[in-house]
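Each chain, written out:
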Amino acid sequence: MTTHPQDPVLIGSFTIQGRLGRGAMGAVYLARSPGGRLVAVKVVRDELAGDAAFRARFAREIEAARKVSGAFTAAVVDADPDAEHPWLATEYLPGPTLQKAIDTSGPLTPGGVQSLAGGLAEALMAIHAGGLVHRDLKPSNIVLTDNGPRVIDFGIARALEEASLTATGVVVGTPGYLSPEQITGAAIGAASDVFALGAVLVFAASGRGPFAHGSPASLLHRIVHEQPQIPPLPSPLQDVVRRCLARDPAHRPTPAELLHVPGSPANTAVLPPSAQTVAFPPPPTKLLPAPPQTPQPQPAPPQRPQPTGAAFKTSRTRPAVIATITTSFFLAWFPRDQQTLDQDPALSMVFGILDLILLYFAVRSWRLVLRHRVVLRLSPQGLTVERGYKQASIPWSAVTRLRVGGDVRRPWLIAWLDTPYHSTLPAPRRRHHGGLRIYPIAHGATVNRRIRQVDELRAALNWYAGHLHDNSY
């Protein structure tokens, strides 16, 4: 959870505790009601707030979402679609999202996947019974609580989808979890959520989606034209997931059918209790005199948390190979019979030129090998650039645009940042049309590795900063 100077103090009657993140709709805050209840408040961003048609659709979706009830959804607590910045408050669910749980602890066990399937099927039944289609079911919209998975943000995607904001790059849904009909523009219904459910179960079981990684364009192409890659699952669930991912919506099971998968465990918990601890600010309390306390042993200092998100590192493999080869050739050519060379000036010149060429490439390659490695990390909070012992962290609020630029042989990640952050970057600050080149994408790697890292980086940018990523090719 982060804080920003521009964050509001109050939204409606709710007191803001901190920012949980940002999405296509706007900012999401953790807040407390006057009675101390924790809620998640989603505040619409400026572009959407100025669209009267969006406000009307948003109000209709809120009313429909109020009708959704079930043990596996987050209830709507309050909303104000007529505020200067329309907002929606839902029940705050303590627990990690499925995305964070997989990133931190790895794929779920087969029993955990079966429990997840049953809980999500029940959630979709409640959402569809209220006349809604989620349209953006994905791991970051699923919270794992000690009483089973909960689905959040239902009813919002439709209002976003119908908003006339194509010029700002608003895209509803996440590549890899969109159904074929959402991509091709066909009619969207409850079966679209079932397709996303199948993709979510594959991710939960393997840590990757059924259509692998890559650029959004390649993911969308695979969904429409290729078969999904499904990891080994217990036989009843394997068949159900395959049916969920059928291209034809008519061939997919209904959420009610998913509840009757043989072998589904009765326990609704997806993660072990040790993985479900979540800390949040305590409610305000009156100060009372502290009772006398006996000395307690000092707890061990907390361990530094492992970094989460996506990480990319520059490679020194190719320069090391070239440096070794050129140095070996230079040393092999250098000790020669000087008397023979003196008798043949032409041969002496040829060997001299070869020595200079080999020496040039050897020195150039060793310089690339010995330079500090650049590490780029992307997370829900922002991006971090590391070089040697220096590090700079930049929140997404200080980034205005991100783009993969440069030529095919030497691509760069280019960022347009707020001016105060320009001097904090440890990497060389090379200008590019008003932006800064902050990460050389696999310059020292092979062509295939460079192409793969470009695709992986674009996918990570879409995931963590889709509203900032200029994905034009």
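For the structure itself, consult the block above.
The rules behind these values
- Residues numbered from 1 in each chain as written.
- Predicted model: local features only at pLDDT ≥ 70, side-chain atom pairs only at ≥ 80, totals over all residues.
- Heavy atoms only, no water.
- Helix = DSSP H or I, 4+ residues; strand = E, 2+ residues; numbered from the N terminus.
- Buried < 20%, exposed > 50% of the residue type's maximum accessible area, 1.4 Å probe, protein only.
- Salt bridge = Lys/Arg side-chain N within 4 Å of Asp/Glu carboxyl O.
- Pairing = 2+ DSSP bridges.
- Phe/Tyr/Trp six-rings, centres within 6.5 Å; stacked < 30°, edge-to-face > 60°.
- Axes fitted to C-alpha atoms, helices over the stretch in contact; angles between N-to-C directions.
- Parallel < 35°, antiparallel > 145°, perpendicular 65-115°, else oblique.
- Left-handed = near helix turned anticlockwise from the far one by under 90°.
- Contact = heavy atoms within 4.5 Å.
- Nonpolar A, V, L, I, M, F, W, Y, C, P; charged D, E, K, R; others polar.
- Core = buried A, V, L, I, M, F, W, Y, C linked by side-chain atoms within 4.5 Å.
- Expected span 1.5 Å × (residues − 1).
- Arc of directions from axis to C-beta.

## Section: unusual backbone geometry
Residue Arg-135 is not a glycine yet carries a positive backbone phi of 75°. Inspection of the secondary structure puts Arg-135 in the loop between helix 4 (110–129) and strand 7 (142–145). Overall, the relative accessible area of 9% leaves Arg-135 in the buried class.

## Things to note about the pattern of salt bridges
In the structure shown here, the tally under the stated rule is five salt bridges. Residue Lys-138 pairs with Asp-136 through a salt bridge whose shortest N-O separation is 3.5 Å. Asp-136 carries the same exposure label as Lys-138, and that label is buried. Of the charged contacts, one joins Arg-377 and Glu-386 as a salt bridge, the two residues approaching to 3.0 Å between their closest N and O atoms.

## Here's the deal with the sheet that holds strand 17 (residues 469–470)
With respect to topology, five strands assemble into an open sheet ordered 15-16-14-13-17, the strand pairing being mixed. Sheet topology places strand 15 (430–432) and strand 17 at the edges, where each strand pairs with a single neighbour. The sheet contact formed by strand 14 (residues 411–417) and strand 16 (residues 435–440) spans four bridges and is antiparallel. Looking at the pairing, Ala-415 lines up with Leu-436 of strand 16.

## Some details on the packing of aromatic side chains
On inspection of all chains with the given rule, the structure shows two aromatic pairs. Note on Phe-14 and Trp-87: the rings are 5.9 Å apart at their centroids and 85° apart in plane angle, and the pair reads as edge-to-face. Placement of the pair is Phe-14 in strand 2 (residues 14–22) and Trp-87 in strand 6 (residues 87–91), with a sequence separation of 73 residues. The class for Trp-87 is buried, based on a relative accessible area of 7%. Ring geometry for Phe-195 versus Phe-211: centroids 6.3 Å apart, planes at 15°, classification stacked. Placement of Phe-195 in helix 7 (residues 190–206) and of Phe-211 in the loop between helix 7 and helix 8 (216–225) is noted, with a sequence separation of 16 residues between them.

## Observations regarding the sheet that holds strand 6
Taken in spatial order, the six strands line up as 1-2-3-4-6-5 in an open sheet, and their pairing is antiparallel. Strands at the two margins of the open sheet, each flanked by one partner only, are strand 1 (10–11) and strand 5 (76–80). Judged from the five bridges that link them, strand 4 (residues 38–44) and strand 6 form a sheet pairing that is antiparallel. The residue bridging Lys-42 from the neighbouring strand is Leu-88, located in strand 6.

## Re the packing of helix 3 (residues 98–105) against helix 7
At their nearest, the axes of helix 3 and helix 7 sit 9 Å apart, and the two run at 20° to each other. Considering their axes alone, helix 3 and helix 7 lie roughly parallel with respect to each other. Judged by the twist between their axes, the crossing of helix 3 over helix 7 is left-handed. Seen from helix 3, the contacting residues are Leu-98, Gln-99 and Ile-102; seen from helix 7, they are Val-200, Phe-203 and Ala-204. Grouping the amino acids of the contact of helix 3 with helix 7 by side-chain chemistry returns five nonpolar, one polar and no charged.

## Considerations on the nonpolar core
The biggest cluster of nonpolar side chains holds 55 residues, and the ones touching the most others in it are Leu-98, Leu-116, Ile-142 and Val-241. Considering every element that reaches this core, the biggest residue donor is helix 7, with eleven residues. Beyond its immediate chain neighbours, meaning those up to four positions away, Ile-142 contacts Pro-96, Thr-97, Leu-98, Leu-116, Leu-120, Leu-137, Pro-149, Arg-150 and Val-200. Core analysis: the second largest hydrophobic core is formed by 29 residues, Trp-396, Leu-402, Ala-415 and Tyr-439 among them.

## Overview of helix 7
Spacing of three or four residues puts side chains on the same side of an α-helix, whose turn is 3.6 residues. With 17 residues, helix 7 should cover 24 Å at 1.5 Å per step; its first-to-last C-alpha distance of 25 Å lies within 8% of that length. Of all 17 residues that make up helix 7, 14 are buried, and the element is covered over most of its length. Gly-207 lies just past helix 7 and shows a positive phi near 85°.

## So, helix 8
Every buried residue of helix 8 is accounted for by Pro-216, Leu-219, Arg-222 and Ile-223. Burial along helix 8 is one-sided: seen end-on, the buried residues are contained in an arc of 125°.

## Here's the deal with the pairing of strand 8 (residues 148–151)
Looking at chain direction, strand 7 and strand 8 are connected through four bridges and run antiparallel. Its bridge partner lying in strand 8, Val-143 is registered against Arg-150. Where strand 7 folds back on strand 8, the antiparallel hairpin that results is connected by two residues.

## Quick word on the pairing of strand 4
Sheet faces and side chains relate simply in a regular strand, where the side chains alternate between the two faces. Counted residue by residue, strand 4 has seven buried out of seven residues, so it is predominantly covered. Residues Leu-38, Ala-40, Lys-42 and Val-44 of strand 4 are buried on one face, and the alternating residues Val-39, Val-41 and Val-43, pointing to the opposite face, are buried as well. Alignment of strand 3 (residues 26–32) against strand 4, held across seven bridges, turns out to be antiparallel. When the bridges of strand 4 are listed, Leu-30 appears paired with Ala-40. In textbook terms, the turn of a hairpin is the stretch between consecutive antiparallel strands, and for strand 3 and strand 4 this stretch comprises five residues, one of which, Gly-36, has a positive phi near 95°.

These figures come from the coordinates and say nothing about function on their own.
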